[in-house]
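# Structure assessment
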Amino acid sequence: MQKNFSEDEFYIDRCLKLAKKGAGFVSPNPLVGSVIVHNGKIIGEGFHEVYGGPHAEVNAIGSVAQPILLQESTLYVNLEPCAHFGKTPPCADLIIRHKIPRVVIGCLDPFEHVSGKGAEKLRHAGVEVKVGVLESEALRLNEAFIHFHIQKRPFVALKFAQTLDGKIATTSGDSKWITNKASRTLGHQLRSWHSAILIGTNTALADDPELTVRHVEGKNPVRVLLDRRLSVPLTAKIFNAAANTLVFTSSQNTNHPKVGKLNEKNVEVFFVTENEAGLSFSEIFQVLYEKKLLSVYVEGGSGVYSRLIQEGYCEKFYGFIAPKIVGGDGLATFRPLEITNMAEAVSLRFHQVQMLDGDIFIEGYFNH
């Protein structure tokens, strides 16, 4: 058993590890793992593998070779079992039907159809229920899912790759490659774990990115392009058939001839309000919320980063820093934020810092 873990914490930690295997495949559902323990021995385990498929508890129960042992076992799960009919029957009912006497839960589910109802149903049936084991870890694992349901908008994470002096391109606009292969591989892994990937017009024109997952196995996120003048050419890679693409443009462009051509390429175009700063993020995120896109991975550019920060839409960041220096005239990661006093600086907190073959990777959060 891992040092400093209680027995219940040890098995919830195992649930969290199992749950991560579903990353990129279960959205808009949460990441869930489940373990069944009998007399100190794991006799069954499973995780939610794909959206619309069996839940973790179902897979764990189904993996038990001797079902009679369930009546003397503890079921562990990192997120509260559901109590409603969705794409699958309620997991709480399944647990009750198999007469599992004890259930240990990492954290409650914020989804309005669950939100404490699963634990309540289990207790009402006489099941011993313990909630809040490794709760902070369980909440963090499903931070996008939880944020989506509480805030009613997607969880937004900025990803940037920069030089040591904070540049994302040289004076000529060249940015290939700032970081090394290990960093780029992790960047693609992160893409696969998010529901959508977003860029602005300048990034699309300068880099012509495809925004798909290539260096690792994983699902392509929905591509989101902010193009208020519809200036990105139809031949751009972001419009190819490799993944779905959504374009947000000014409401003044409803009769633009390019709209029909984009629709012919199965690209959805949405018209939103435009102000001096740019397209309305509140309207954009409302559309993404309605499309059940839990998280948005933002890959540029500096204007988009800065506006999202200024308007308070950033929850998280992934920073890749290469041991290179470009100099003062290179393109900065962030545009001026109109900050004059250090007390006004954007406040962050680092979650982890690691080396990637010489590059530095920082994962952290914005303090709101």
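Per an unreviewed UniProt entry, the protein carries the name Riboflavin biosynthesis protein RibD and comes from Chloroherpeton thalassium.

Turning next to the domain arrangement of the protein. Parsing the protein into structural domains produces domain 1 (7-143) and domain 2 (153-366). Here the C-alpha centroids of domain 1 and domain 2 sit 35 Å apart. Of the roughly 820 Å² buried between domain 1 and domain 2, counting both surfaces, carbon and sulfur atoms make up 49%. One can count two salt bridges joining domain 1 with domain 2. Salt-bridge contacts for R140 lead to E363; the nearest nitrogen and oxygen are separated by 2.5 Å. Of the residues belonging to the side of domain 1 that touches domain 2, the class tally is three nonpolar, three polar and two charged.

A complete count under the given rule lists 16 aromatic pairs for this structure. Here F248 and F270 contribute two aromatic rings whose centre-to-centre distance is 5.2 Å and whose plane-to-plane angle is 20°, an arrangement assigned as stacked. Highlighted residues: F248 in strand 10 (residues 245-250) and F270 in strand 11 (residues 268-272), separated in sequence by 22 residues. Classification of F270 as buried rests on a relative accessible area of 18%. Relative to F285, the ring of F281 lies with its centre 5.8 Å away and its plane at 15°, an arrangement referred to as stacked. Here the residue F281 and the residue F285 both occupy positions in helix 10 (residues 281-290), the gap between them amounting to four residues, near one helical turn. As far as the burial class goes, F281 and F285 line up, both buried. The aromatic ring of W177 is capped on one face by K176, whose charged end is 5.5 Å from the ring centroid. Above the ring of W177, the side-chain terminus of R184 is found at 4.6 Å from the ring centroid.

This brings us to the pattern of salt bridges. Applying the stated criterion to the full structure yields 16 salt bridges. Here E128 makes a salt bridge to R102, at a shortest N to O gap of 3.2 Å. Highlighted residues: E128 in strand 5 (residues 128-131) and R102 in strand 4 (residues 102-107), separated in sequence by 26 residues. One salt-bridge network, held together by shared partners, links D8, R102, E128 and K130.

The next point concerns the side chain of T201. You can see T201 is positioned in helix 8 (residues 201-207). A relative accessible area of 16% means that T201 is categorised as buried. At a separation of 2.8 Å, a polar atom in the side chain of T201 contacts the main-chain carbonyl oxygen of L226. The residues contacting T201, other than those within four sequence positions of it, are L225, L226, D227, R228, S231 and V232.

If you trace the five strands from one edge of the open sheet to the other, you get 2-1-3-4-5, paired in mixed fashion. At either end of the open sheet lies a strand with only one pairing partner, and these are strand 2 (41-47) and strand 5. Across the sheet, the mean angle separating the axes of adjacent strands is 15° when strand polarity is ignored. In this sheet, strand 5 lies alongside strand 4 in parallel orientation, the contact comprising four bridges. Bridge pairing links R102 to E128 in strand 5. Where helix 4 (residues 117-124) meets the sheet, it contacts strand 4 and strand 5, and its direction lies at approximately 150° from that of strand 5.

As a further point, take the UniProt feature "binding site: substrate" (unreviewed entry) in the protein. Feature annotation in UniProt places "binding site: substrate" (unreviewed entry) on S175, R191, T203, L211, R214 and E299, given in this structure's numbering. On the secondary structure map, R191 appears in helix 7 (residues 181-192). Accessibility expressed as a relative area gives 7% for R191, which makes it buried. What R191 contacts, discounting residues up to four positions off in sequence, is I197, L211, T212, V213, R214, P221, Y297 and E299. Those residues in contact with L211 that sit more than four places away from it in its chain are R191, I197, I199, P221, R223, I238 and E299.

Residues of strand 12 (residues 295-298) alternate between two faces, with S295 and Y297 on one and V296 and V298 on the opposite face, all of them buried. With four bridges joining them, strand 6 (residues 155-163) and strand 12 adopt parallel strand pairing. Bridging from a neighbouring strand, F155 pairs with S295 of strand 12.

Next up on the list: the UniProt feature "binding site: Zn(2+)" (unreviewed entry) in the protein. Following the UniProt record, one finds the feature "binding site: Zn(2+)" (unreviewed entry) at H55, C82 and C91. Annotated residues spanning 37 residues; largest pairwise C-alpha distance 9.2 Å, indicating a single compact cluster. If sequence neighbours within four positions are ignored, H55 has contacts with N29, H48, C82, T88 and C91. In this view, C82 contacts H55, P89, P90, C91, A92 and V114; residues no more than four positions away in its chain are not counted.

An order of 11-10-9-8-12-6-13-16-15 is seen for the nine strands of this open sheet, with the pairing classed as mixed. The strands lining the two open edges of the sheet, one partner per strand, are strand 11 and strand 15 (348-356). Ignoring strand direction, the axes of neighbouring strands in this sheet form an average angle of 20°. Each of strand 6, strand 9 (222-226), strand 10, strand 11 and strand 12 touches helix 10; the most contacted strand, strand 10, lies at about 150° to it.

Thresholds applied
- Residues numbered from 1 in each chain as written.
- Predicted model: local features only at pLDDT ≥ 70, side-chain atom pairs only at ≥ 80, totals over all residues.
- Heavy atoms only, no water.
- Domains from an automatic or database assignment.
- Buried area = accessible area lost by both parts, 1.4 Å probe.
- Salt bridge = Lys/Arg side-chain N within 4 Å of Asp/Glu carboxyl O.
- Nonpolar A, V, L, I, M, F, W, Y, C, P; charged D, E, K, R; others polar.
- Phe/Tyr/Trp six-rings, centres within 6.5 Å; stacked < 30°, edge-to-face > 60°.
- Helix = DSSP H or I, 4+ residues; strand = E, 2+ residues; numbered from the N terminus.
- Buried < 20%, exposed > 50% of the residue type's maximum accessible area, 1.4 Å probe, protein only.
- Lys NZ or Arg CZ within 6 Å of the ring centre and 35° of its normal.
- Polar contact = N/O pair within 3.5 Å; in protein donor to acceptor, adjacent residues only side chain to side chain.
- Contact = heavy atoms within 4.5 Å.
- Pairing = 2+ DSSP bridges.
- Axes fitted to C-alpha atoms, helices over the stretch in contact; angles between N-to-C directions.
- UniProt positions renumbered as here; feature names shortened; annotations may be inferred.

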